[in-house]
Amino acid sequence: MKESVKELNTAEKYVEFFRKNQPVISEGDPAYLLQLREKAIGLFEAEGFPPKKQENYRYTHLEPWFGKEFARYFRERKIAFDIDDLFSCDIPSLETRILMILNGFFYSNGQKGLTELDNGIIYGSLREATRRYPELVGQYLGKNAEMEHEPFVALNTAFAQDGIFLFVPGNQHLEHPIQIIHLLLSDTDQMVQHRNLFIAGKNSRADIIICDHTLSPHMFLTNSVTEIYAEENADVDIIRLQNEHNSSFQVTNTWINQERNARSRHSTITLHGGMVRNNLHVKLQGEGAHTEALGLFLIDKKQHVDNFTVIEHRQPHCTSHQQFKGVLDDDATGVFNGKIQVFQDAQKTEAYQSNNNILLTDTARMHTKPQLVIHADDVKCSHGATVGQLDEEALFYLRSRGISVEESRLLLMYAFANDVISRIKEPALKNRISHLVEKRLRGELSRCNCCRMQCQD
Amino acid sequence: MLLKIRDLRVSVEDKEILKGIDLEVNPGEVHAIMGPNGSGKSTLASALVGKDYFQITHGKIDYEGKNLMELSPEDRAREGIFLGFQYPVEIPGVSMVNFLRTAVNELRKYRGEEPLAAGDFLKLMREKKQIVEIDSDLTSRSVNEGFSGGEKKKNEIFQMALLNPKLAILDETDSGLDIDALRIVANGVNKLRRPDNAIIVITHYQRLLEYIIPDFVHILYKGRIVKSGDKNLAVELEKHGYDWIKQELDVEAKLSE
Ligand SMILES: Nc1ncnc2c1ncn2[C@@H]1O[C@H](COP(=O)(O)OP(=O)(O)OP(=O)(O)O)[C@@H](O)[C@H]1O
Ligand SMILES: [Mg+2]
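Now for a quick tour of the structure. (Residues numbered from 1 in each chain as written. Chains lettered and ligands numbered in written order. Predicted model: local features only at pLDDT ≥ 70, side-chain atom pairs only at ≥ 80, totals over all residues. Heavy atoms only, no water.)

## Examining the coordination of the magnesium ion (ligand 2)
All names here are of chain B. We count it as follows: The donor set covers N, O and S atoms within 2.8 Å of the metal, switching to 3.2 Å for Na, K and Ca, and it leaves out water, so a site may look short of donors. Runs of H or I in DSSP of at least four residues are treated as helices and runs of E of at least two as strands, each being numbered from the N terminus. For each residue, the accessible area found with a 1.4 Å probe, counting protein chains only, is set against the maximum for its type, and the residue is called buried under 20%, exposed over 50%, and partly exposed in between.
Distances from the magnesium ion (ligand 2) to its protein donors, namely Ser42 (OG) and Gln86 (OE1), fall within the range 2.0 to 2.2 Å. Taken together, the positions of Ser42 in helix 1 (residues 41–49) and Gln86 in the loop between strand 6 (81–84) and strand 7 (91–95) put the pair 44 residues apart, joining distant regions of the chain. Using a relative accessible area of 27% as the deciding quantity, one classes Ser42 as partly exposed. Note on Gln86: relative accessible area 15%, which makes it buried.

Following this line, the structure appears as structure tokens:
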């Protein structure tokens, strides 16, 4: 009898790996979480990774990245480092509450895992929240981020053990923005999958800043999910600053669910990263909801950034505004795929999308694709995409006033980027990001402005 | 001598536009260049500031004893050459203040001077604004963005005032200006005249030359300077139009046959 030994493909390896490590991964999980993981791994097993050239991943084939050798740890490892020595990611004159995630686990730095304020606001470790507030968390976790046909969400749901939890009850405002710093720091190439859950109750307000950083020169692969709920008339502002080194690969999955008259704004500023895929999925579930999605990336060398957005207009009178911009140098490649989906009942929808890109070399490439799927008749939708070079006439005008070519180019690139930055409403943060973008354009931000370690580029 | 142009020939995409220009400009002089549309006036200005769209196929441009053609556009500006553009370009997102401060400080750096502190720069700007009576609001906007035609022209002279050039070339700075603005701009230019700098004004109208009185008037026609004279040449031209020149040239052409 011949026994054929079948070579496992990448997806199957993940499934097998999950089964083997399940006891550790789900140690202490409440029942609802155990079930969620089971469902997730089942869906992932059924679907696997998106095949090459699959429509939504046409220019970013992720399976090979996920097939690389990475260490995966399901228990928090003690990594010795002095946070003050390595890190000074401050935003001058802006008071924030800093929460850290180190290699996928909440890093308490001697503080409590969960902070519970008198007004009912809770923030801290998601892992701890799943245990301490099973009802609350169970009501939301995995209810927005879809797993069917979303293998990266499914994979994350099966494996994720920790991340940040934020709950702002109805009528409460987060007094200071929460700043979440995702740190990757290891002694080996490593893969990390963490999960965030933000809930903004009725009439509440929350500002959140997320910073993605690498602090050691190892290869990193991150597959993270952030679920956000904005209940009726809530106002949520999220800024994500991506600043990882060039041998880091990152897939972010952000799912925003908005009820009636809720407002959200999600900005992704990508300063650095080897390969970045950002999936942003917004569901406008209630009438009159409004969302703004902003994106800016500045890439060079062989960097690759792919912004994929889906905005679902499910109810009437919702508005959405998307603005994505990219500056590409050297052999960098960029992708923008923006889908606006207007459901049958969503009359009086207003949906706008623009994508503008500047290629600084002949070898940089940008793929841009708007997708409008409209099933209502009374809607206003528009989209526009451009891929171009710096304006030669403008460049000459600046030079004719004595400004060097380099400085002139910089002024124009900065002006281009500033369109997005100027929409950031908090002035201190706007200044900070503006400063980082300028440094990035000047080439002074080789890896991470905040990191004092001089690692490889 | 400040500027000496010898037999300058310039082409665009293999089409010869300037067919041998000779011009000499001394410090303290004002030269006016007139000529019908498409005769090559702006092309001459572009060649002087180093726009690489135009190919200089022949000739020499000497500026303060230096071969101008070897200098980059920014170095020409740093050496004191200024062009007031016929069509100033709009640059959304680049603020006027940032642009002007960068330009002023690049010039200072070139001369080995310290950059101006923000406060000193604003003071300088306020002072120079008065020369062309420019609206305060304009300097808080992006470069030329949404400026009216006249405002763009005023803005060019404002920049000239800030950069203080040795050789200013003003390409149709008068077109698009209303009567009052014309007077203000012309007076502004006069205030910037000094014994050690020179101005080349390109214009279609004698009216400007009533304010900025030229020492020489040149007529550029089909890529050549076909006639030079004093300020009265402009008056003649205004009276008779270009047909007068054309006829004269035709007669000459016939005679030389
Ligand atoms: N970028 C260009 N490409 C092709 N032809 C050009 C270009 N720039 C100028 N020309 C041509 O060169 C000739 C001279 O143009 P120029 O702008 O120098 O004329 P001008 O004397 O300044 O005219 P006007 O009085 O209308 O401003 C014209 O025939 C014009 O069409
Ligand atoms: Mg012209």
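That shown, we press on.
## Regarding the sheet that holds strand 5 (residues 66–67) of chain B
Residues and elements named next belong to chain B. In plain terms, the rule: Think of it this way: DSSP has to see at least two bridges between two strands before they count as a pair. Pairs of residues are marked as contacts when any of their non-hydrogen atoms sit within 4.5 Å. As a rule, the C-alpha atoms of each element are fitted with a line to give its axis, helices using only the stretch in contact, and angles between N-to-C directions run from 0 to 180 degrees.
Taken together, the 4 strands give an open sheet; going across it, the order is 2-1-4-5, and neighbouring strands pair in antiparallel fashion. The open sheet has two free edges, formed respectively by strand 2 (15–25) and strand 5, since each of these has just one partner strand. Its contacts with the sheet put helix 1 on strand 1 (3–12), strand 2 and strand 4 (55–63), and the angle it makes with strand 1 is roughly 110°.

## Brief notes about the pattern of salt bridges
Residues and elements named next belong to chain A. Quick note on the threshold: Salt bridge, as used here: a side-chain nitrogen of Lys or Arg that lies within 4 Å of a carboxyl oxygen of Asp or Glu.
Under the criterion given, the structure shown has 47 salt bridges over all chains. Where Glu55 meets Arg58, a salt bridge forms, and the shortest distance between an N and an O atom there is 3.0 Å. Among the residues examined, Arg58 registers a relative accessible area of 34% and is labelled partly exposed. Between Lys302 and Asp331 there is a salt bridge whose closest N-O contact spans 3.3 Å. Separated by 29 residues along the polypeptide, Lys302 in the loop between strand 15 (290–299) and strand 16 (304–313) and Asp331 in the loop between strand 17 (319–328) and strand 18 (333–342) bring together distant segments of the chain. Judged by relative accessible area, which is 66%, Lys302 ranks as exposed. Here Asp331 falls in the partly exposed class, since its relative accessible area comes to 35%. The structure contains a network of salt bridges with shared partners spanning Asp237, Arg265, Glu292, Arg423 and Lys425.

## Here's the deal with the packing of aromatic side chains
All names here are of chain A. What counts, and what does not: In summary, the pairing rule links any two rings of Phe, Tyr or Trp, Trp by its six-membered ring, whose centres are within 6.5 Å, and it sorts them by plane angle into stacked for under 30 degrees, edge-to-face for over 60 and tilted for everything else. Geometrically, a charge over a ring is one whose NZ (Lys) or CZ (Arg) sits within 6 Å of the ring centre while staying within 35 degrees of the ring normal.
Applying the stated criterion across every chain yields a total of 19 aromatic pairs over all chains. With centroids separated by 5.2 Å and ring planes inclined at 85°, the aromatic side chains of Phe44 and Phe49 adopt a geometry described as edge-to-face. Here Phe44 matches Phe49 in class, with each residue buried. A ring pair is formed by Phe66 and Phe152, whose centres lie 5.2 Å apart and whose planes are at 50°; its orientation type is tilted. In this pair, Phe66 sits in helix 3 (residues 63–66) while Phe152 sits in helix 7 (residues 151–159), placing the two residues 86 residues apart along the sequence. Cluster of aromatic residues (ring-pair linked, three or more members): Tyr14, Phe17, Phe18, Phe44, Phe49, Tyr57, Phe66, Phe74, Phe152 and Phe159. In this structure, Lys325 is placed above the aromatic ring of Phe416, and the distance from its NZ or CZ to the ring centre is 4.0 Å. Note that Arg401 overlies the ring of Tyr397, its terminal NZ or CZ placed 4.9 Å from the centroid.

## Section: the site of ligand 1
Residue and element names in this part refer to chain B. Here is the rule: Nearness of a residue to a molecule or strand requires only that one of the residue's heavy atoms be within 4 Å of it. We call two N or O atoms a polar contact when they sit within 3.5 Å, provided that within protein one can donate a hydrogen and the other can accept it, with sequence-adjacent residues counted only if both atoms are side-chain atoms. Residue type decides the class: Asp, Glu, Lys and Arg count as charged, Ala, Val, Leu, Ile, Met, Phe, Trp, Tyr, Cys and Pro as nonpolar, and the leftover types, Gly among them, as polar.
In the region of ligand 1, 16 residues are neighbours, and Gly38, Lys41, Ser42, Thr43 and His204 sit closest. Gly38 has a polar backbone atom sitting 2.9 Å from an oxygen atom of ligand 1. Here an oxygen atom of ligand 1 and a side-chain polar atom of Gln86 are 3.0 Å apart. Within the residue set of the shell around ligand 1, elements represented by two or more residues are strand 2 and helix 1. Here the element with the most residues in the shell around ligand 1 is helix 1; it accounts for 3 residues. Residue composition of the shell around ligand 1, grouped by class: 5 nonpolar, 8 polar and 3 charged.

## As for helix 5 (residues 149–163) of chain B
Residues and elements named next belong to chain B. Note the cut-off: Expected helix span is computed as 1.5 Å times (number of residues minus one).
Here helix 5 spans 22 Å end to end across 15 residues, near enough to the 21 Å set by a 1.5 Å rise per residue. Of all 15 residues in helix 5, 13 are buried; the element is thus mostly enclosed. Following helix 5 by one or two positions, Asn164 adopts a phi angle in the positive range, close to 55°.

## Concerning the interface of chain A and chain B
Inclusion rule: As used here, buried area is the combined drop in accessible area, with a 1.4 Å probe, of two parts when they are placed together.
On the side of chain B, 29 residues touch chain A, which itself brings 17 residues to the contact. Between chain A and chain B, a total of about 1,900 Å² is buried, with carbon and sulfur atoms accounting for 66% of that surface. Together, Phe396, Tyr397 and Arg401 of chain A form the three largest contributors to the area buried by chain A at its contact with chain B, with a combined 41%. Across the chain A-chain B interface, the total number found is 3 salt bridges.

Nothing here speaks to function; it is all geometry.
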